[in-house]
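# Chains, contacts and geometry: an overview
In case you want the letters, here they are:
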Amino acid sequence: MAVACHIDPGEFTVSLPPLVEPAAELTVDEIRRYSRHLIIPDVGVEGQKRLKNARVLCVGAGGLGSPALLYLAAAGVGTLGIIDFDTVDESNLQRQIIHGVSDIGRPKAESAAASIREINPLVDVVIHNTVLDRENVREIFAQYDLILDGTDNFATRYMVNDAAVLLGKPYVWGSIYRFDGQASVFWAEHGPCYRCLYPEPPPPGMVPSCAEGGVLGVLCASIGSIQVNEAIKLLTGIGEPLVGRLMVYDALEMSYRKIKVRKDPNCVLCGENATLTDLMEDYEDFCGAVSVEAQEAVVDATITAAELKEWQDADKDIFLVDVREPAEHEIVRIPGSTLIPKGEIISGEALAKLPQDKQIVLHCKSGVRSAEALAALKAAGFRDAVHVQGGVLSWIKQIDPSLPEY
Ligand SMILES: [Zn+2]
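Residues numbered from 1 in each chain as written. Predicted model: local features only at pLDDT ≥ 70, side-chain atom pairs only at ≥ 80, totals over all residues. Heavy atoms only, no water.

As recorded by an unreviewed UniProt entry, the chain carries the name Adenylyltransferase/sulfurtransferase MoeZ and is attributed to Micromonospora qiuiae.

Right, dumping it as structure tokens:
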């Protein structure tokens, strides 16, 4: 992977001046509330006044945003912006601890704002109940000193990075998957940017999202709290921020590793001869929902959940393959499906299990993995194989709403 040449082990630290000027004063209420901060010599009244004056934007009020917003609010960050367009779903509550049962169906930004007001009414909360896009990202980021990135998709992640670099803003990045977490501070003026570390998004279908692959709920707190820790250090100018270093956390081994990340002189965004001087036209396109092979494979080889149901009802001679993982098959399955995880199809290992004389129908959760598997099957000679658009999620919507959505 291209990443390797920009990473090497070893210690590399940098101290930076405070990002924010101190507020004029702390009120009596504030002195009482923040006393445990004030008596830490490195923070003190001066540091707390800087937090009071700070404006921090949290991108996403989900897994990472939840603990991050709670602790930023409790710490006394004066202005907290929340950008999220999503609403609270029951399946969020396993990790998104800023929301509760009574918030289900409510916009996440509003639910998060209500929790923050309960913890610290002194915080000025700014709600951006909108989709962050190339039209609004600069205008929104410009209102803040620091960005905390809690997004879970590559398109938004690259856009956050690009906007932050173009505006000269520092941002604290975090990512989580199953038992693994990563965090870093990207600030092109003082170190690498996200593109220096990951010049290209991963090939589509290679890195599943948390919705596809799962995440241990408490991992959000482990990484979200590292992000807040870094935010406080940057705002107040204490300690050595994770600029130029990647924190890698393994919850099963219980290990934290720091890896040095160099600024890439050839980075298209922050390198010496940068070619990317504005936001990209289309980040979704750049990160690609599915690979080119998969896009080609699905042409004239895609059926809807309703069509699958018709085929089953008409006793059509099909072989329905669930290409998800065993745990997902356990949670919910389309009747009559056989589990063969995508990896076994891509590696060729499972090809012998597939009948030659039946119409093969692939499905996954949302249609991305089945499209990738379909490309592999077609390349292996299964010319009339098809996949189900929208996967299990479409089946639940169109055919059987009593099944659990996960
Ligand atoms: Zn860069």
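### Brief notes about the packing of aromatic side chains
Considering all chains together, one arrives at nine aromatic pairs under this definition. Here Trp-173 and Phe-186 contribute two aromatic rings whose centre-to-centre distance is 5.7 Å and whose plane-to-plane angle is 55 degrees, an arrangement assigned as tilted. Note that Trp-173 is positioned in strand β6 (residues 171-177) and Phe-186 in strand β7 (residues 180-186), a separation of 13 residues in sequence. Residue classification places Trp-173 among the buried positions, given a relative accessible area of 1%. When the ring of Tyr-249 is compared with that of Tyr-256, the centres are 4.5 Å apart and the planes differ by 25 degrees; the resulting orientation is stacked. Residue class for Tyr-249 comes out buried when judged on its relative accessible area of 5%. Judged by its relative accessible area of 46%, Tyr-256 falls in the partly exposed class. Stacked on the ring of Tyr-144, the Lys or Arg Arg-55 has its end atom at 5.5 Å from the ring centre. Above the ring of Trp-311, the side-chain terminus of Lys-316 is found at 4.1 Å from the ring centroid. (Phe/Tyr/Trp six-rings, centres within 6.5 Å; stacked < 30°, edge-to-face > 60°. Helix = DSSP H or I, 4+ residues; strand = E, 2+ residues; numbered from the N terminus. Buried < 20%, exposed > 50% of the residue type's maximum accessible area, 1.4 Å probe, protein only. Lys NZ or Arg CZ within 6 Å of the ring centre and 35° of its normal.)

### So, the UniProt feature "domain: Rhodanese" (unreviewed entry) in the chain
When the UniProt feature table is mapped to this numbering, "domain: Rhodanese" (unreviewed entry) covers residues 314-404. With 34% helix and 16% strand, residues 314-404 has end C-alpha atoms that lie 26 Å from one another. (UniProt positions renumbered as here; feature names shortened; annotations may be inferred.)

### Here's the deal with the coordination of the zinc ion
Looking at the zinc ion, the protein donor atoms are Cys-193 (SG), Cys-196 (SG), Cys-267 (SG) and Cys-270 (SG), and they sit 2.3 Å from it. By relative accessible area, which is 0% here, Cys-193 ends up buried. Cys-267 sits in the buried class, given a relative accessible area of 3%. (Donors = N, O, S within 2.8 Å, 3.2 Å for Na, K, Ca; no water.)

### Some points on the environment of Asp-152
Among the secondary structure elements, Asp-152 is positioned in the loop between β5 (146-149) and α7 (154-167). Each C-alpha atom of the pair Asp-152 and Ile-176 lies 8.1 Å from the other, and the pair is 24 residues apart in sequence.

### A closer look at unusual backbone geometry
One non-glycine residue, Met-254, lies in the positive phi region at around 55 degrees. Despite not being glycine, Asp-300 has its phi angle at roughly 60 degrees, a positive value. One can find Asp-300 in the loop between α12 (292-297) and β10 (302-303).

### Describing a nonpolar patch on the surface
A cluster of nonpolar side chains, contributed by Phe-179, Leu-216, Val-218 and Leu-252, occupies part of the molecular surface with about 370 Å² of accessible area. Summarising the element assignment, Phe-179 is placed in the loop between β6 and β7. What makes Phe-179 partly exposed here is its relative accessible area of 32%. (Patch = residues over 30% accessible without salt bridge, like charges linked within 9 Å, V, L, I, M, F, W, Y side chains within 5 Å. Areas by Shrake-Rupley, 256 points an atom, 1.4 Å probe, with all protein chains shown as cover. Salt bridge = Lys/Arg side-chain N within 4 Å of Asp/Glu carboxyl O.)

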